[in-house]
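Results of the structural survey
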Amino acid sequence: MKLLLTAVILFILNTSCQKKTIWSDEFDNAGTPDSTKWNYDLGDGCPNVCGWGNNEAQYYTRDSKNVRVENGNLVIEAHKDSLGGKAYTSTRIVSKLKGDWLYGRIEVRAKLPKGKGTWPAIWMLSTDGKYGGWPASGEIDIMEHVGYDPGVIHGTIHTETYNHGKRTQKEGKIMVEDCMDTFHVYAIDWTKDKMDFFVDDKLYHTVTRDPNEDFKGWPFDQRFHLIMNIAVGGNWGGKEGIDDTIWPQRMEVDYVRVYQ
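Definitions and cut-offs
- Residues numbered from 1 in each chain as written.
- Predicted model: local features only at pLDDT ≥ 70, side-chain atom pairs only at ≥ 80, totals over all residues.
- Heavy atoms only, no water.
- Disulfide = S-S within 2.5 Å.
- Buried < 20%, exposed > 50% of the residue type's maximum accessible area, 1.4 Å probe, protein only.
- Helix = DSSP H or I, 4+ residues; strand = E, 2+ residues; numbered from the N terminus.
- Pairing = 2+ DSSP bridges.

Here the structure, examined in full by the defined rule, presents one disulfide. Across the disulfide from Cys46 sits Cys50; the S-S distance is 1.9 Å. The sign of the 135° torsion about the S-S bond sets the Cys46-Cys50 disulfide as right-handed. Classification of Cys46 as partly exposed rests on a relative accessible area of 39%. Cys50 sits in the partly exposed class, given a relative accessible area of 40%.

What follows concerns the pairing of strand β17 (residues 224–232). Most of β17 sits out of view: nine of its nine residues are buried. What you see with β17 is no split at all: Phe224, Leu226, Met228, Ile230 and Val232 on one side and His225, Ile227, Asn229 and Ala231 on the other are buried throughout. Pairing of strand β7 (residues 92–94) with β17 involves three bridges; the strand directions are antiparallel. Paired with Val94 across the strands is Ile227, a residue of β17. Summarising the sheet, strand β8 (residues 100–101) and β17 pair through two bridges and their orientation is antiparallel. Across the sheet, the residue bridging to Asp100 is His225, located in β17.

Here it is, written out as C-alpha cells:
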C-alpha cells in the first residue's frame, strides 16, 4: 500500500511539473508559411533605421524565393540579387500579434547557412514596447551566428543598461562545429527572474535578474514575439566582408515549439 501511494504521488508530481505546449509550428504543409502564425518585416528598415540599424546589405521580402515551406521545413533563403537598392534579398519572419508570450520555454530546431557575410538569427523583441524603443524594451537572442566565425553560437540579452552599443550585453557562447550541416535545437527557458540558454538541452549561459535593478536592466516582464531571419553583412555579420561566391544560402527550421 505504501509503495502504491508513493507511486501515485510521484505520478502527480511529474504530471504537474510537465510543460504544456501553448504554440507551435511543425512546418508540415508545403508552400506559404501559415499566415495565422507569421507576419513579415519587409524592406531595408528605412526611413527610420536603414539597414535595420546595423548597416545590413539585404532587402527583406515575402517572396517564395526567399521564404517557403518544403520537405517539412521552413526555408529562409538569402540571394545575391538587386532589390530596393540592396544587393541581396532575404526574409525576416515574425510571430508578432500571432504568437506572443510572457515566460516559457521557446525551442527552435534549425540548420544554419554558411560563409562570410551570413548572419542568421533566432531572436525575440517586445511586442508592446512598454519601456520605449530599442534597447529599452529588451531583446533576447536565442541564437546568433556569423559566418566568418563558423560554429560559434551566441545567446544574448540586450537592455537599456546592457547592450552591444555600450559593449555591456550579457552574452554566452558555445561551440557547435556542425551547426551549418546538421539540425540542432536552440532554446531558452525564461522565467520571472532568470533566462537560461541551451543548445540540444545543454545549458551554456544563464542571466539572472538583479533584484536592485528596474526595467533598465530587466525589461523581460512583458510579452515578446519570435523573429527568424538571415541578415547579410552589416556591422557584425559583414565585419570580415561578404563572400559573393556562396549565394544562395539558407536557414532551415524543422519546428518552433513554445511551452509553459
